[in-house]
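These are the residues of each chain, in order.
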Amino acid sequence: MEELLDLALEDPEEGRARAELLLAGPADPLASSYAHQCLGIVHRERGDHELALRELRAALRSARRAAAPDRERDVRATLGATLVFAGRSRAGLAELTRAAEGATGALAARIGMRRAGALVLLGRDEDAVPVLRSSRDALIEVGDELWEARTRIWLGDLELRHGRLGAAEEETRRAERLLARTGARLERLTALENRAEIATAAGDLATGLRIHAEAAAEYRALGRPVRYAGAAPHAGAYLAAGLAREAVDLIARFLEQGDLPAVDQAELHLLHATALLALGDGGRALDEARTAQRMFQRQRRAWHRDRAELVGLRARLLVGEAVSRGRATRLAVALDEEHAPEAPLALTLAGRLSDGEDRLDLWTRAASYRHHPNALVRAGAWYAGALAREERADRGGVLRAAAAGLDAIDEHRRLIGSSELRALATTHGRELTTIALRHAAGDARTLLRWSERTRATALAQPPATSDAATIPASLAALRDNGRQLAEARQEGAETEELERERRRLERAVRAESHTLSATTAAQQRPAGVEEIVAATRDACLVELVDVDGSLHVVVVHAGQVRRRVAGSTAQIADLLGPAGMLLRRAARGRPADTAAVGRALQEAILGDAVRLLPDTAIVLAPTARLHGLAWSLLPVLGDRPFAVVPSAGQWLRARATSPPRDAGTVLVAGPALASGGAEVPVLARRHPDAVLLDGPNATLDAVLAHLDGAGLVHLAAHGRFRADSPLFSALDLADGPLTVHDLERVPRAPYRVVLSACESGVMAPVGAEELLGLAAALFSLGTAGLVCSVGEVNDAATSMLMVDLHAALARGSDPATALWEVRRQVAGDPVAAGTAAAFLALGV
C-alpha cells in the first residue's frame, strides 16, 4: 500500500488509476485509507485543494475505522501539510501537531519533516531547522533513504535561503544520490533544480541555466510538464542574468494554468511582480505585488509578505506614487534583522526616503552586507556605501566603494561564456557606474579612467562556444530554416509556419548559448590612463561620456587629457532621427542637405571641445547609444580620417594585433543583391590570388572556413540588424543567414573585414555601455579593423565606393584613411556622398 503514496508523487496518473480501481472494489478500511490519501496528494499537487482535502478527510475516516493509530497519524500529517498548501496555515499546523502526538521512530521523523516543511513555507526557518535535522538523523538511523532525501532537500533549501551555499550544495547532492538509488526520478529532478538554484546564487549563471535545461529535458523524457517548483528558480536565474522578458514569458505559462496550490499561487504573483519590475512595467508590477501581499497575509506568511511589500514599494516609486518613509524603514529593518539578501536593497530605498543621520544609518547598515556570498548582494551593499560617502562629501570614498561594487559585478559574470549575458550583467552595475562617473567628472584623467572601467567590457574577451568543430543541432536547423524562408519569400509562398519555426529555433539557440561557461575566469584589465596617453602622442582620442544626462568630451593628445561639457543626451537624441532620415533620402537618390543637421550634431556632441582637436586623425570612442551615428556628418570629422571604437581599451588591443603572415584576401558575394555584388568581380580581377565565394559557392560553411585567420575579408551580402535580438543580426548567404552566433564560432579572427551591406555596422546598446551585433562579434573575436555601414545605403553607389576603398587599402592606407579618401572623391555626388557618410571605419 505504501507504493500508492510513492506513485502519487512519482507517477500521479498511475497512482490515481490504481487508487480509483481499489476504491471501486470491496476495499477494507486500511486499504481505503491509502487509496484516499493517494488521491488527496494527487489533487493537491494539481492545485485542487478542495478535492484534495475531501479525499484526505475520507482517508482519515477510513484509518479510524481500521483502528490503525499510526495510519491515522500519517494521514493527518498529509492533511495538515495540504491545509498549509491551501493557505490555511493555522489549521494545517494544528493538524501536524496532532499527528506528531504519540508518533515514534520513522513515522515521527516523517511527520517532523512535513511539519518543518510547512514552517519553511511560512518563513519560520529558525523553528524548522532543528526539526529537520532531527528528522534527518532519525531517518538515517532506520535506513529510510527516500524520506531522508526529502528531508535533505528541505534542509538544502533552508541553507540556500540563508546564504550557506556550501552546506546547501552538500545536502542537495546527497539527496540527489539517494533519490537516484531509490528510483524516484521525478523527485530527483527537485534536487537537480535546487542545485541549479545554488549555482545561480553562487554567481555561476551558466551552470545554473545549464542544469535547468537538463531538468527540462528530463521532464520531457518523462512525458511530464515542468513543475512550478522548478520553473520558479529558473525564472529567478533569468532575472539574475538580466533576461527579464524570458522570466515573464516563463511565468506567464503558469499564470495561464491557474491550478497551482495556494502557496505556489502567491509566490507566483510575487515572482511575476519582480520580473515585471525588472522590465520597467511598474503599474503591472504593483498590481501583482499587491495581490501577492494579500494572499501571503491571508496565509499568515509574514516572511513572504515582507518581500512582496518591498517589490510593491519599488513599483510605487517607479510609477511616481508616494511611499511612506516610516513603512519603508520598518520593512527594511525587519529584513535586516533576518539578514535577508534583500536587506541592502530595502535599506537603500528607505535611506533615499529619509534624511540626516537616519539616512546615513540606513545606508551604513546596507553597506555592512559587502561581504555577502552573493556577488550581486555585495554590489548593492557597495552602492549603499557609495551613497553614504556621497552624503558625507567623501569623493574618494565614493569612487573606492563604486570600484569594489563593480569588482563584485565582474565576479558575477566571470564564469559567463555568452557574450549576450556578459553584456546584460553590466545592468546590475548601472547605478554604481552613474555615481562613479558623477564624482569622476571633475577631473579629466579620472573621468577617462572611469569611463574605460565601465564600457565595452564584454568585448574584451572572446565568447565561449560548446565545440568549435561541431555545429549545435538547433543552429544548423536555424540555418536551414533561413534558407527555406528566403526561398519561400522569393517564390511568394506562405511563410507563417516557417516564421513560427524560426522563432522556436532562435529561442533554442539563445537558450543553448546562455548555458556556456567562460573559457577562462581571468578578469580583463581596463586600459590605464597612462597607456592611453602614451598611445595618443601621434593621434587624438576623443572619448564621450554620459554623466547624469550631459555629454562630457575627453580629448587625449600629445600627453594631455582635457575635458569639456557639451550638450544634453536628450538634445542629441532629438537630432538622431532627422540625421538618419536625411541619409535614407540620399541612399534612395533624393536630394538631402545634411549640412545643417551636421552642424547641430557637432555643437550638441562636441561643443567647445572642437577647439581642442588638432589637425590630425581622430579616434572617436562614443557612448554606446551614439555608436550608430554617421559621424562624417559633423563638419570637423568630415574633412579628416577618423575611426570609431567602443573604447580606448579596444583601440589599444586592435593596435597591438599584428596582421597574419601570408594571410590572403577573401571575397564573398551573397544572393539577391540589387547590384549583383558588382564590386566583387572587379576586386577578384585586381586580386587574382583572392578566394572568391559567389553564387552557390557562397555557403555558410565555406565562408566561415575562409574567415578563419584571413587577412582581409570583403562580404557583399544583404544584412539585417535585429534590434530585438542583436545576436541574430545576419548576412544572407547562398544557403541561409550568417548570424552572430555563427561568427562567434570562428576559431581565429580575420584581421580586417569590409561589410558592404546596409546596417552591417549597427550595434545594439545593451546593459551599461555594452554593444552587441555583427561588428561587436568581430571585435570580441579579435578583428583589428572593420569598414561597415550604420544606415541604409545605395547599392550602385556602394559598389563603386567599395572598389575605390579597396584600391586605397591596397596602397597601404588604414581603413579610416581609405574611407576618408573615398569620401573626398565623391563629395560632389549627393547619392554617393550620402552612401559614403553611412560607412564607418571601426578599429584600426
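Just so we're clear, the structure is a prediction, and the values are computed from it rather than from any experiment.

The rules behind these values
- Residues numbered from 1 in each chain as written.
- Predicted model: local features only at pLDDT ≥ 70, side-chain atom pairs only at ≥ 80, totals over all residues.
- Heavy atoms only, no water.
- Helix = DSSP H or I, 4+ residues; strand = E, 2+ residues; numbered from the N terminus.
- Rg over C-alpha atoms; globule rule 2.2 N^0.38 Å.
- Buried < 20%, exposed > 50% of the residue type's maximum accessible area, 1.4 Å probe, protein only.
- Contact = heavy atoms within 4.5 Å.
- Areas by Shrake-Rupley, 256 points an atom, 1.4 Å probe, with all protein chains shown as cover.
- Lys, Arg positive; Asp, Glu negative; His and termini not counted.
- Charge placed at Lys NZ, Arg CZ, Asp CG, Glu CD.
- Core = buried A, V, L, I, M, F, W, Y, C linked by side-chain atoms within 4.5 Å.
- Axes fitted to C-alpha atoms, helices over the stretch in contact; angles between N-to-C directions.
- Parallel < 35°, antiparallel > 145°, perpendicular 65-115°, else oblique.
- Left-handed = near helix turned anticlockwise from the far one by under 90°.
- Nonpolar A, V, L, I, M, F, W, Y, C, P; charged D, E, K, R; others polar.
- Pairing = 2+ DSSP bridges.
- Salt bridge = Lys/Arg side-chain N within 4 Å of Asp/Glu carboxyl O.
- Expected span 1.5 Å × (residues − 1).
- Arc of directions from axis to C-beta.
- Disulfide = S-S within 2.5 Å.
- Phe/Tyr/Trp six-rings, centres within 6.5 Å; stacked < 30°, edge-to-face > 60°.

Q: I tried to follow the overall build of the protein chain on my own but got confused; where do I start?
A: Check the secondary structure of the protein chain and you find 39 helices and 16 strands. For the protein chain, whose C-alpha radius of gyration is 31 Å, the value lies close to the compact-globule estimate of 28 Å for 844 residues. Across its three principal axes, the protein chain shows a C-alpha extent of roughly 100 × 65 × 45 Å. Per-residue burial for the protein chain yields a buried fraction of 58% across its 844 residues. By sequence separation, contacts in the protein chain at least 24 residues apart represent 69% of the contacts at least 6 residues apart. When the accessible surface of the protein chain is summed, it comes to about 33,400 Å², and 50% of that surface belongs to carbon and sulfur atoms. Across the protein chain, the 104 positively charged side chains and the 111 negatively charged ones have centroids separated by 3 Å.

Q: Whenever I open this one, the nonpolar core confuses me. Can you help?
A: For soluble globular proteins, nonpolar side chains are generally found buried alongside one another. With 119 residues, the main nonpolar core has V542, L544, I605, L606, W631 and L842 as its most contacted residues. The next biggest cluster of nonpolar side chains, apart from the first, holds 47 residues, and it includes A388, L406, V547 and V554.

Q: Would you mind going over the packing of helix α11 (residues 185-201) against helix α13 (residues 228-240) with me for this structure?
A: In a packed pair of helices, the relevant descriptors are the angle between the two axes and the axis-to-axis distance. Put simply, α11 and α13 touch, their axes get as near as 9 Å, and they point 20° apart. It follows from the interaxial angle that α11 and α13 lie roughly parallel. Judged by the twist between their axes, the crossing of α11 over α13 is left-handed. Contact residues: E193, E197 and T200 in α11; A229, G230, P233, A237 and A240 in α13. Considered class by class, the residues forming the contact of α11 with α13 number four nonpolar, two polar and two charged.

Q: Please clarify how the sheet that holds strand β10 (residues 730-733) should be interpreted in this entry.
A: Either a parallel or an antiparallel arrangement is found when strands of a sheet pair, and the pairing is made through backbone hydrogen bonds. The antiparallel open sheet is built from three strands, whose spatial order is β9-β10-β11. The open sheet has two edge strands, β9 (719-720) and β11 (736-739), and neither has a second partner. Sheet analysis places β10 next to β11, joined by four bridges and oriented antiparallel. Its bridge partner being in β11, L733 is matched across the sheet by G736.

Q: Is there a simple way to explain the environment of V377 in this structure?
A: Relative to the assigned elements, V377 resides in helix α21 (residues 375-391). For the pair formed by V377 and A408, sequence separation is 31 residues and the distance between their alpha carbons is 8.8 Å. In contact with V377, not counting residues within four places along its chain, are P341, P344, Y369 and H372.

Q: What is the right way to read the pairing of strand β1 (residues 540-547) from this model?
A: Here β1 lies mainly inside the structure; seven of its eight residues are buried. Where β1 meets strand β4 (residues 618-621), four bridges bridge the pair, whose relative direction is parallel. From the neighbouring strand, L541 faces β4, where its bridge partner is V619. Pairing between β1 and strand β2 (residues 550-557): seven bridges, direction antiparallel. Bridge pairing in β2 links L544 to V553. A loop of two residues connects β1 with β2, the two strands running antiparallel in sequence, and D548 in this loop sits at a positive phi of about 55°.

Q: Is there a simple way to think about the environment of A757 in this case?
A: Mapping A757 onto the fold places it in the loop between β12 (752-755) and β13 (764-766). For the pair formed by A757 and A716, sequence separation is 41 residues and the distance between their alpha carbons is 6.2 Å. The contacts of A757, once residues within four sequence positions are left out, are A717, H718, G719, L731 and S789.

Q: Would you mind showing me how to read the pattern of salt bridges here?
A: Between side chains of opposite charge, a pair can form as their charged atoms come close. On inspection of all chains with the given rule, the structure shows 71 salt bridges. Of the charged contacts, one joins R413 and D410 as a salt bridge, the two residues approaching to 3.0 Å between their closest N and O atoms. Here R413 pairs with D410, and both are found in helix α22 (residues 395-413), just three residues apart, close to one helical turn. Both residues of the pair, R413 and D410, belong to the buried class. A salt bridge links E506 to R502, with the shortest nitrogen-to-oxygen separation between them at 3.0 Å. Residue E506 and its partner R502 are both found in helix α27 (residues 496-514); the two are separated by four residues, about one turn of the helix. Classification of E506 as buried rests on a relative accessible area of 9%.

Q: What am I meant to see in helix α6 (residues 89-100) here?
A: Working note: α-helix, 3.6 residues per turn, so residues spaced by three or four point in the same direction. Taking 1.5 Å per residue as the helical rise, α6 with its 12 residues ought to reach 16 Å, and the 17 Å between its terminal C-alpha atoms agrees with that figure. Those residues of α6 that fall on the buried side of the exposure criterion are S89, G92, L93, E95, L96 and A99. One side of α6 carries all its buried residues, which in axial view fall inside an arc of 160°. The elements touched by buried residues of α6 are α5 (69-85) and α7 (105-121). Count one or two residues on from α6 and you reach G102, which has phi positive near 85°.

Q: Looking at this structure, I do not really get the state of the cysteines. What am I missing?
A: For the coordinates displayed, the defined rule picks out zero disulfides. Left unpaired, C758 is separated from the closest cysteine sulfur, that of C788, by 12 Å. Judged by its relative accessible area of 25%, C758 falls in the partly exposed class.

Q: Please clarify how helix α36 (residues 774-781) should be interpreted in this entry.
A: Among the eight residues in α36, eight count as buried, and that is most of the element. L774, A775, A776, A777, L778, F779, S780 and L781 are the residues of α36 that are buried. At the C-terminal side of α36, G782 shows a positive phi close to 120°.

Q: Explanation requested: the packing of aromatic side chains in the structure shown.
A: Aromatic ring pairs are defined here through the distance separating the ring centres and the angle between the ring planes. All told, the structure shown has one aromatic pair when counted by the stated rule. Plain terms: the ring middles of Y228 and F254 are 5.8 Å apart, the flat faces sit at 70° to each other, and that makes the pair edge-to-face. Highlighted residues: Y228 in helix α13 and F254 in helix α14 (residues 244-257), separated in sequence by 26 residues. For the residue pair Y228 and F254, the accessibility class agrees, reading buried in each case.

Q: Would you mind showing me how to read the side chain of E744 here?
A: Inspection of the secondary structure puts E744 in the loop between α35 (740-743) and β12. For the buried E744, no salt bridge is present, and the opposite-charge side chain at shortest range is R422, 6.7 Å distant. Residues within four places of E744 in sequence aside, it is in contact with S419, P463, T465, L727, A777 and L781.

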